[in-house]
Amino acid sequence: METKEFIVTEEKQNIRCDKFLSDELEDFSRESLKKLFKEGEVFLNDEKVKPSRKLLVGERVKVNLPEPEVLDVIAENIPINIVYEDEDVVIVDKPQGMVVHPANGNYSGTLVNALMYHVKDLSSINGVIRPGIVHRIDKDTSGLLIVAKNDNAHNHLAAQFKEHSINRRYKTICHGIIHENLGTIDAPIGRDKIKRKDMCVTQSNSKRAVTHFDVIERYDEYTFLDVHLETGRTHQIRVHLKYISHPVVGDKVYGFNKEIDKPFKGQLLHAYKLGFIHPRTSEYMEFNSELPDYFYELLDK
């Protein structure tokens, strides 16, 4: 069992203990936190505490977190597009609709299940649930992912992601006309306080997020963009484009849900370029992926 401890700061005083933990433990649902309080796993200054207790500056909140559920991840013969492979890395072109790794509700049919069948070795750093997975893209985002085949490669690649030196570029079609030919969105992203599964631009419990974009072409009511990620926050491009009132076409969570969005299974967002320093050779490598057919169909239309 893992124990986490937090000290109440001035900006956090006078809020309920359950709300405090909800902000601090972003990956835990309200129901999960409610269960922890009920089972007596939350303490204030080493005493069990009720969810409604309002906190004071300097008080100490401690919570015992349950061990993560261990899943038996099974290799599955699912076709995947491996565009490059050597003894250290695999580059996969992920289709829209495929989840990257197993989680609640998606124990099979994921990219990890497929990788375990098609690739002999995968790094072990992220455990049995995410073997080889250095980074992710959303289920309904298509495009290029890099996978590590050993721990040394994993560490090298993770360091590049941390330094923001990985070259990741996306193409997307968004609602509305963006008049600037290029721009930067520099706005912090954190968990939405009401819809806990969603992200939003916020100053509260957030991390800096920077997205650069270039306009490829403008249409009557839409803009075709080339997007460059400087940072890599959850749902970053989708959240940032919503923030400037130009959400991605087809986005069921952050979009407008107009008639044009409805035929698509998910957002029109494609990771078309991936560049990195190879962990063994130290040479720069870059890969490109063609846009899916549904992009071209919409652009033609």
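Coordinates for the structure precede this section.
What you see is a predicted model, and the numbers here were worked out from it, not measured in a lab.

Enquirer: Would you mind going over the overall build of the protein chain with me for this structure?
Expert: Check the secondary structure of the protein chain and you find six helices and 16 strands. Counting only C-alpha atoms, the protein chain reaches 60 × 50 × 35 Å along its principal axes. Taking the contacts inside the protein chain whose residues are at least 6 apart along the sequence as the reference set, 64% of them involve residues at least 24 apart. Of the accessible surface of the protein chain, which amounts to about 16100 Å², a share of 47% is contributed by carbon and sulfur atoms.

Enquirer: Sorry if this is basic, but what is going on with the packing of aromatic side chains here?
Expert: Geometry of an aromatic ring pair is reported as the spacing of the ring centres plus the angle between the planes. A full pass over the atoms with the stated rule returns four aromatic pairs. The interplanar angle of 80° and the centroid separation of 6.1 Å between the aromatic rings of Phe6 and Phe20 together place this pair among those described as edge-to-face. Here Phe6 is found in strand S1 (residues 2-7), whereas its partner Phe20 is found in helix H1 (residues 17-24), with 14 residues between them in sequence. In this pair, the class of Phe6 matches that of Phe20, namely buried.

Enquirer: What am I meant to see in helix H2 (residues 30-38) here?
Expert: Think of an α-helix as 3.6 residues a turn; residues three or four steps apart then line up on the same face. Listed as buried for H2 are Leu33, Leu36 and Phe37. End-on view of H2: buried residues confined to an arc of 100°, all on one side of the axis. In H2, the exposed positions angled more than 90 degrees off the buried face are occupied by Glu31, Lys34, Lys35 and Lys38. Lining the buried residues of H2 we find H1, strand S2 (42-44) and strand S4 (60-65). Immediately beyond the C-terminal end of H2, within one or two residues, lies Gly40, with a positive phi of roughly 75°.

Enquirer: Just to check I follow, could you spell out the nonpolar core for this structure?
Expert: Grouped together as the largest cluster of nonpolar side chains are 32 residues, with contacts concentrated most on Leu111, Leu115, Tyr170, Leu225, Ile237 and Leu241. Put simply, the parts of the chain that give this core at least two residues each are strand S6 (89-94), helix H3 (111-118), strand S7 (142-148), strand S8 (167-175), strand S13 (210-218), strand S14 (222-229), helix H5 (236-243) and strand S15 (269-277). No other element matches H3, which puts four residues into this core. Not counting the four nearest positions on each side in its chain, Leu241 is found in contact with Thr172, Cys174, Ile185, Leu225, His246, Pro247 and Val248.

Enquirer: It is not clear to me how the pattern of salt bridges should be interpreted in this structure. Could you clarify?
Expert: Once the charged atoms of two side chains with opposite charge are near each other, the side chains can pair. As enumerated under the stated definition, the model contains 17 salt bridges in all. One salt bridge in this structure joins Lys262 and Glu259, with 3.4 Å as the shortest N-O distance. Judged by relative accessible area, which is 60%, Glu259 ranks as exposed. The closest approach of N and O atoms between Lys273 and Glu286, which form a salt bridge, is 3.9 Å. Taken together, the positions of Lys273 in strand S15 and Glu286 in strand S16 (residues 284-288) put the pair 13 residues apart, joining distant regions of the chain. Owing to a relative accessible area of 37%, Glu286 belongs among the partly exposed residues under this scheme. Members of the salt-bridge network, linked through shared partners, are Glu5, Asp46, Arg60 and Lys62.

Enquirer: Looking at this model, I keep getting lost on the environment of Phe224. Mind explaining?
Expert: One can find Phe224 in strand S14. Taking the C-alpha atoms as reference points, Phe224 and Gln203, separated by 21 residues in sequence, lie 29 Å from one another. Apart from residues no more than four positions distant in its own chain, Phe224 is found in contact with Lys171, Thr172, Ile173, Asp214, Val215, Ile216, Glu217, Tyr219, Leu291 and Leu299.

Enquirer: Help me understand the sheet that holds S1 in this model?
Expert: Pairing between sheet strands relies on hydrogen bonds along the backbone, with the strands arranged either parallel or antiparallel. If you trace the four strands from one edge of the open sheet to the other, you get S1-S4-S2-S3, paired in antiparallel fashion. Two strands lie at the open edges of the sheet, namely S1 and strand S3 (47-48), each paired on one side alone.

Enquirer: How do you make sense of the sheet that holds strand S12 (residues 206-207) when you look at a structure like this?
Expert: Taken together, the three strands give an open sheet; going across it, the order is S11-S10-S12, and neighbouring strands pair in antiparallel fashion. Both outer strands of the open sheet, strand S11 (199-201) and S12, are each paired with one neighbouring strand and no more. The pairing of strand S10 (residues 189-191) with S12 spans two bridges and is classified as antiparallel. Across the sheet, residue Gly190 finds its bridge partner in S12, namely Ser206. Running at roughly 45° to S11, H5 makes contact with S10 and S11 of the sheet.

Enquirer: What exactly am I supposed to notice about H3 here?
Expert: Of all the positions in H3, only Leu111, Val112, Asn113, Ala114 and Leu115 are classed as buried. Taken together, the buried residues of H3 touch S6 and S7. The backbone nitrogen of Val112 has a side-chain oxygen 3.3 Å away, supplied by the residue at the start of H3, namely Thr110.

Enquirer: I'm lost on the pairing of S4 in this one. Help?
Expert: Regular strands place their side chains on alternate faces of the sheet. With six bridges connecting them, S1 and S4 associate as antiparallel partners. Within the sheet, the bridge partner assigned to Thr3 lies in S4 and is Asn64. The pairing of S2 with S4 spans three bridges and is antiparallel. Note that in S4 the partner of Leu44 across the bridge is Val61.

Rules used throughout
Residues numbered from 1 in each chain as written. Predicted model: local features only at pLDDT ≥ 70, side-chain atom pairs only at ≥ 80, totals over all residues. Heavy atoms only, no water. Helix = DSSP H or I, 4+ residues; strand = E, 2+ residues; numbered from the N terminus. Contact = heavy atoms within 4.5 Å. Areas by Shrake-Rupley, 256 points an atom, 1.4 Å probe, with all protein chains shown as cover. Phe/Tyr/Trp six-rings, centres within 6.5 Å; stacked < 30°, edge-to-face > 60°. Buried < 20%, exposed > 50% of the residue type's maximum accessible area, 1.4 Å probe, protein only. Arc of directions from axis to C-beta. Core = buried A, V, L, I, M, F, W, Y, C linked by side-chain atoms within 4.5 Å. Salt bridge = Lys/Arg side-chain N within 4 Å of Asp/Glu carboxyl O. Pairing = 2+ DSSP bridges. Axes fitted to C-alpha atoms, helices over the stretch in contact; angles between N-to-C directions. Polar contact = N/O pair within 3.5 Å; in protein donor to acceptor, adjacent residues only side chain to side chain.

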